[in-house]
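# An overview of the molecular structure
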Amino acid sequence: MELPAADEGIHLATLRTKLPSSGISGKPTPGGFDDHGHYLYYVDGGTVTSGRSDGIMGYATLDAPPHHDFYANTEIWGRRRCCRPSLFQLHVNPEDASSPPLYEETTVRGMVRANSPEDEEKGGNGPMPEPTRFGWIQGVMIRCMLNIWGVILYLRLPWITAQAGVGLTWVIILLSSCITGITGLSTSAIAANGKVKGGGTYFLISRSLGPELGGPIGLIFAFANAVAVAMHTVGFAETVQALMQENGVAMVDPSNSIRIIGIITVTCLLAISLAGMEWESKAQILFFLVIMVSFANYIVGTIIPASPQKQAKGFFSYKADIFVANFVPGWRGSEGSFFGMFSIFFPSATGILAGANISGDLKDPTVAIPRGTLMAIFWTTLSYLIITATIGACVVRDASGLLNDTLSPSTGDGCVGLACHYGWDFTDCTINGTCAYGLSNYYQIMSMVSGFAPLITAGIFGATLSSALACLVSAPKVFQCLCKDNLYPLIGFFGKGYGKNDEPLRGYLLTYLIAVCFILIAELNTIAPIISNFFLCSYALINFSCFHASITNSPGWRPSFRFYNKWLSLLGAIVSVVIMFLLTWWAALIAIGIVLFLLGYALYKRPAVNWGSSVQAGSYNMALSYCVGLNAVEDHIKNYRPQCLVLTGPPSSRPTLVDLVSSLTKGLSLMMCGNVVNGDHTLSGVEIASSNSHVTWLNQRGVKSFYHSVVAADLRSGVFMLLKGAGLGRIRPNVLLMGFKKDWRRDTPQAAHNYIGILHDAFDLHYGVCMLRMREGLDVARRFHVHINTEFDVAEDGTKGISRVDPDILLNELQPRTVFQRKQGKKTIDVYWLSDDGGLTLLLPYLLTRRKRWAQCQVRVFVGGDHARKEQQREEVLTLVRKFRLGFHDVYVLPDIYEKPHVEHVKQFDDMLRPFKLETNSKDGSGSTPQEQPWTISDQDVDSNKAKSLHQIRLNEVLQDHSKEAALIVITMPIGRKGVCPSALYLAWLDILSHDLRPPVLLVRGNQENVLTFYCQ
């Protein structure tokens, strides 16, 4: 059914009409109400049940029972998602023809809208094909194990065992596993805290810590995976090149052969990836089976008695003395150190996120990621420990590989090494460092030990190719999610997906190009340390994400995975950072530098995303803690700052007032824009008052301000609510800023009286008061001719209400440039410090001159005095101003401010007062009284306030003489006594004082308490 337009009003009964049929079994479309007003909801996936309120609840109601669809963001093909009744529908009288507020309009329309032609066109051909989804074994555990069992396992783990010894190699393995295990627990907790989409590691970190830290890690992690493709491919190419060399086949020199083989291999892997996730997953299963067979083949080979050929290469099967000798380190070469070996081994433990990186392709990521990741870490760690122990118990460090190097009786006494006990003499090559075999020299040692060498070669192929393939898939998936979030420029091109699995084909090509560049290095030991720092940086932030989300105690942090500890996560983060620097300090600085640079960019740009991150929760906790903490601290003059409540109405309608106060506060003090919507507390009134367009306009203008709105019967009562209720604890306004009521003589007397009443209310509540007057006025809404709701132009009592500007229209207008946004150059700010109000009249100009646009302005301070003591008074005031350290050096004494004003100006003032003079009936003496009309002015009021009135007129003349070319005039605001000075007379003083002045005039009156001090305590 069709809904009426938003401005026509919606009769609630129209929402109860029968909904159109869905086409499924001819039943009504769910997600709304039937013709009896009963809410329709689902019991199972296909049927629609009418929840008859009188049968379930025992009475008629629109309330709906709990349902999954109420909390879901997605729809199932074939039926529309259920929507719960809105608060508007439950609360408002069904017979009232009133429009729902803006914040419920989407809900109402979403509940009752019929199928659009676009929906029918999209759904006409049946549901979208279901993409391939994987469980925890195939999608996570096997993928992680394959990525962990990489090139390091077959080609470098025996060599690391020879360098560090079995004992320290176990330490390296367990330390790596501790880091990855803690990271796995943290990853599991984050993944189990809500539905996980595609994007893997980037998605987890960005949705937990926010885009500022998530973005940098997304880029670094995607780059690290791309480089890992090169590392594993080079490992594969090394094996192929070694096989070719053993069989006497050579393409070119060894390094270039590795480059050629590597590029051909990564091209073939790219083709498999482009074929889709289903083909890639089948290839991974094949690789897994090959690796398992190669492991079994290796274990069998260690048990089989060693042949002479194997003994010549250093293999003697299990021997206790070989294990003891290999248990201690045997450092060799420039890389021979604990952290040197750790940096080479650690990339072999970094595949734990391979499953999380394809989170969008998992059936249930919240279950699959924790279970599969932790199981993969356990089994791979166990396999590393077993291989280290077995290889260290079977093979000596040095062997020549020559069958004639057997031990002879003549050389028995000079034989060096454990091989001497088993009839072999490798002394010459051991001393000369020319041994070609043994743990320390032969990278293909596992092939030699195994029962059937080609199976180990196949295992190397499977491990290297599977790891390379996993990284080749992970990097584009992570990068695609980052591109779609539009956090950084120029990368959106790579975010486009193709096919039912949304494959990032462009990302695959980019990853391929990066991998090719690093394959050209052709040196495995050089590539591995580069990756280690990037992975450690990612792990540090994953652990910190879990810790930060836990420590903020946000109600939204409710992971279903309970086996984690926030302090363990913090330890994992700290250890990861420390190891980064211990491995390669310059690479760590580069990684952290990249993170900080991208973090700074994100903080500067402030991407328009809101993911409910733990940083937001932490900011709230800190703000709340500091606010509460301020309550225990007494205010001090040195820390005084003007906290401004600005009566802007819709901020976009009075930008000059907004810009002035923004220049005074500039993020260093509280600024709150107040808006009073005239009318009763109807939904439409609340809707206008709470529109987000006002905050959006302030953000677009770069103004750091809060926005607070109230709905009140009249302006004065609304402002009183703002004065009493604005702020929190000690962070609450202490200065009221408002615009001058330029039309007070044309408006109703009651409106003028209420305007002055606002000043009295502010003074009663101990506020300082500032009033800005511009010659051209402050309200830009009328200058833009935007829509003003005429319904509120005149209130019921005949008084003019507050104009309500459509904020969306002003939001679309060009941001108007005001005088307080222009550079003022070397003009003057003239301060007329005529009465001591505590120093606020001096403090505000000082704050203004701290801004770049006003920094070159000269501040001139004018005070009253007499001719006889003019110089003495000037020195006294100048000395006082200097003690305040404000930097004001120009003080002028004006004796002529106490002279009589010109007659024509006095007559002009009298003309202002004439409409408000109290009139009495000369015959019977009847007429209005000041009690009935408090704005009226009697002759007695004029006489008693004559001197003060003449003084205001004279001050205007002085301002015209001295400050005609000033950039800004700041003058002490006179005070009219409440109950003594009629409101019209007081308003006339303010009018005549600031009348017909070209510069902006700011009338200031502090609350008569010191805001400046020259003491240090």
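About the cut-offs
- Residues numbered from 1 in each chain as written.
- Predicted model: local features only at pLDDT ≥ 70, side-chain atom pairs only at ≥ 80, totals over all residues.
- Heavy atoms only, no water.
- Helix = DSSP H or I, 4+ residues; strand = E, 2+ residues; numbered from the N terminus.
- Buried < 20%, exposed > 50% of the residue type's maximum accessible area, 1.4 Å probe, protein only.
- Contact = heavy atoms within 4.5 Å.
- Areas by Shrake-Rupley, 256 points an atom, 1.4 Å probe, with all protein chains shown as cover.
- Disulfide = S-S within 2.5 Å.
- Pairing = 2+ DSSP bridges.
- Axes fitted to C-alpha atoms, helices over the stretch in contact; angles between N-to-C directions.
- Patch = residues over 30% accessible without salt bridge, like charges linked within 9 Å, V, L, I, M, F, W, Y side chains within 5 Å.
- Salt bridge = Lys/Arg side-chain N within 4 Å of Asp/Glu carboxyl O.
- Lys, Arg positive; Asp, Glu negative; His and termini not counted.
- Charge placed at Lys NZ, Arg CZ, Asp CG, Glu CD.
- Phe/Tyr/Trp six-rings, centres within 6.5 Å; stacked < 30°, edge-to-face > 60°.
- Lys NZ or Arg CZ within 6 Å of the ring centre and 35° of its normal.
- Right-handed = clockwise from strand over helix to strand, strands pointing away.
- Parallel < 35°, antiparallel > 145°, perpendicular 65-115°, else oblique.
- Left-handed = near helix turned anticlockwise from the far one by under 90°.
- pLDDT = per-residue confidence, 0-100.
- Arc of directions from axis to C-beta.
- Core = buried A, V, L, I, M, F, W, Y, C linked by side-chain atoms within 4.5 Å.
- Expected span 1.5 Å × (residues − 1).
- Nonpolar A, V, L, I, M, F, W, Y, C, P; charged D, E, K, R; others polar.

Moving on, we come to the overall build of the protein chain. Helix and strand counts for the protein chain stand at 36 helices and 12 strands. The buried share among the 1017 residues of the protein chain stands at 52%. A separation of at least 24 residues holds for 78% of the contacts in the protein chain among residues at least 6 apart in sequence. If you sum the accessible surface of the protein chain, you get close to 45,800 Å²; carbon and sulfur atoms cover 58% of it.

Here we come to the state of the cysteines. Taken as a whole and judged by the stated rule, the model has two disulfides. Between the sulfur atoms of Cys415 and its disulfide mate Cys420 the distance is 1.6 Å. Judged by the sign of its S-S torsion, about -85°, the bond between Cys415 and Cys420 is left-handed. The pair Cys415 / Cys420 is uniform in exposure class, with both members buried.

What follows is about the sheet that holds strand S5 (residues 706-712). A sheet is described by the order of its strands in space; here 10 strands give the open sequence S5-S4-S3-S6-S7-S12-S11-S8-S9-S10, paired in mixed fashion. Of all strands in the sheet, those with a lone pairing partner are S5 and strand S10 (890-894), marking the two edges. Each strand of the sheet is rotated relative to its neighbour by a mean of 20°, with strand direction disregarded. Sheet topology note: the strand S4 (residues 671-678)/S5 ladder contains seven bridges and is parallel.

Right, let's talk about a positive patch on the surface for a bit. Positive charge collects at one region of the surface, where Arg606, Lys666, Lys704, Arg817, Arg822, Lys823, Lys827, Lys852, Arg853 and Arg998 lie side by side. As for its placement among the helices and strands, Arg853 is situated in the loop between helix H31 (840-849) and strand S9 (858-864). Taking relative accessible area as the criterion, Arg853 reaches 36% and is therefore assigned partly exposed.

Mapped onto the elements, Ser343 comes out in helix H14 (residues 338-345). Separated by 240 residues in sequence, Ser343 and Leu583 place their C-alpha atoms 5.8 Å apart.

Scanning the model with the defined rule gives 19 salt bridges in all. For Glu503, the salt bridge identified is with Lys477, shortest N-O distance 3.6 Å. Remark: Lys477 occurs in helix H18 (residues 453-484) and Glu503 occurs in the loop between H18 and helix H19 (505-519); sequence separation between them is 26 residues. In terms of burial, Glu503 and Lys477 fall into one category: buried. Among the ionic pairs, Arg954 bridges to Glu899, the shortest N-O distance being 3.7 Å.

Let us now look at the packing of aromatic side chains. One pass over the full model with this rule turns up 33 aromatic pairs. One aromatic cluster is present, built from ring pairs that chain together Phe221, Phe342, Phe346, Phe535 and Tyr539. Between the NZ or CZ atom of Arg371 and the centre of the ring of Trp136, over which it lies, the distance is 5.5 Å. Taking the ring centre of Phe493 as reference, the NZ or CZ of Arg506 above it sits at 4.0 Å.

Turning next to unusual backbone geometry. The phi dihedral of Asn486 is positive, around 55°, even though this residue is not glycine. Exposure remark for Asn486: the relative accessible area of 59% places this residue in the exposed category. Positioned with a positive phi, Asp996 is a non-glycine residue whose angle comes to about 55°. Among the structural elements, Asp996 can be located in the loop between helix H36 (983-993) and strand S12 (1001-1005). With relative accessibility at 42%, the residue Asp996 sits in the partly exposed group.

On to the pairing of strand S11 (residues 968-972), then. Most of S11 is tucked away, with five of its five residues classed as buried. Burial along S11 is two-sided: the residues Leu968, Val970 and Thr972 and Ile969 and Ile971 are all buried. One ladder, built from four bridges, connects strand S8 (residues 828-832) with S11; its direction is parallel. For Ile829, the partnering residue across the bridge sits in S11 and is Leu968. Summarising the sheet, S11 and S12 pair through four bridges and their orientation is parallel.

Attention now goes to the environment of Cys1016. Here Cys1016 shows up in the segment after S12. For the pair Cys1016 and Lys638, spaced 378 residues apart in sequence, the C-alpha to C-alpha distance is 8.0 Å.

What follows is about the pairing of strand S6 (residues 735-739). Counting buried positions over the five residues of S6 gives five, a clear majority of the element. A two-sided burial pattern is seen for S6, the buried positions comprising Val735, Leu737 and Gly739 on one face and Leu736 and Met738 on the other. Bridge count for strand S3 (residues 644-647) against S6 is three bridges, and the pairing is parallel. Counterpart to Val646 in the pairing with S6 is Leu737. As paired elements, S6 and strand S7 (residues 768-773) share five bridges and run parallel to each other. Bridging across to S7, Val735 finds its partner in Gly768. Note that the unit made of S6, helix H28 (residues 749-764) and S7 has a crossover that is right-handed.

A separate point is the packing of helix H8 (residues 200-209) against helix H9 (residues 211-246). Across the interface, H8 lies against H9 with an axial gap of 7 Å and an inter-helix angle of 165°. By the angle class used here, H8 and H9 are roughly antiparallel. Seen along the crossing, H8 lies across H9 with a hand that is right-handed. Touching Thr201, Tyr202, Ile205, Ser206 and Leu209 of H8 are Pro211, Glu212, Leu213, Gly214, Gly215, Ile217, Gly218 and Phe221, all from H9.

With that out of the way, let us pick up the confidence of the model for the protein chain. The predicted model of the protein chain has a mean per-residue pLDDT of 80, with 81% of residues at 70 or higher. Predicted confidence for residues 1-57 stays below pLDDT 50, and this span has 135 contacts to residues more than four positions away or in other chains. Taken together, the stretch residues 784-804 has pLDDT below 50 and engages in 48 contacts with residues farther than four places along the chain or on a different chain.

Of all the positions in helix H26 (residues 693-701), only Ser693, His694, Trp697, Leu698 and Arg701 are classed as buried. Taken around the axis of H26, the buried residues stretch over an arc of 140°, which confines them to a single face. A positive phi of about 75° marks Gly702, the residue just after H26.

Before going further, it helps to spend a moment on the side chain of Gln952. Position of Gln952 relative to the elements: it lies in helix H35 (residues 946-962). Dropping the residues within four chain positions of it, Gln952 is found in contact with Pro974, Trp989, Ile992 and Leu993.

So, on to a nonpolar patch on the surface. Where nonpolar side chains cluster on the molecular surface, the patch consists of Ile299, Ile303, Tyr318, Met375, Phe378, Trp379, Leu382 and Ile386 and spans about 720 Å² of accessible area. Per element, the largest residue contribution to the nonpolar patch is five residues, and it comes from helix H15 (residues 365-394). Tracing the backbone through its elements, the reader meets Ile299 in helix H11 (residues 277-303). We classify Ile299 as partly exposed; its relative accessible area is 32%.

It is worth spelling out the nonpolar core at this point. Core analysis: the largest hydrophobic core is formed by 135 residues, its most contacted members being Tyr154 and Ile445. Tallying contributions element by element places H9 first for this core, with 16 residues. The residues contacting Tyr154, other than those within four sequence positions of it, are Ile291, Ser294, Phe295, Tyr443, Met446, Ile456, Gly459, Ile460 and Ala463. Grouped together as the second largest cluster of nonpolar side chains are 55 residues, Met672, Ala712, Ile758 and Trp935 included.

The periodicity of an α-helix, 3.6 residues per turn, causes residues three or four places apart in sequence to face the same way. Between its first and last C-alpha atoms helix H10 (residues 254-274) spans 30 Å; for 21 residues at 1.5 Å apiece the expected length is 30 Å, and the two agree. Within H10, the full set of buried residues consists of Ser257, Ile258, Ile261, Gly262, Thr265, Val266, Leu269, Leu270 and Ser273. Looking at the buried residues of H10, the elements they touch are H9, H18 and H19.

So, on to the packing of H10 against H19. For any two helices packed against each other, one specifies the inter-axial angle together with the distance between the axes. In the contact formed by H10 and H19, the axes pass within 10 Å of each other and the chain directions differ by 165°. Between H10 and H19, the angle is such that the two are roughly antiparallel. Relative to H19, H10 is oriented so that their crossing is right-handed. In this structure, H10 uses Arg259, Gly262, Ile263, Val266, Thr267, Leu270, Ser273 and Leu274 to contact H19, whose residues at the interface are Leu505, Tyr508, Leu509, Tyr512, Ala515, Val516 and Ile519. The residue inventory of the contact of H10 with H19, partitioned by class, reads 11 nonpolar, three polar and one charged.

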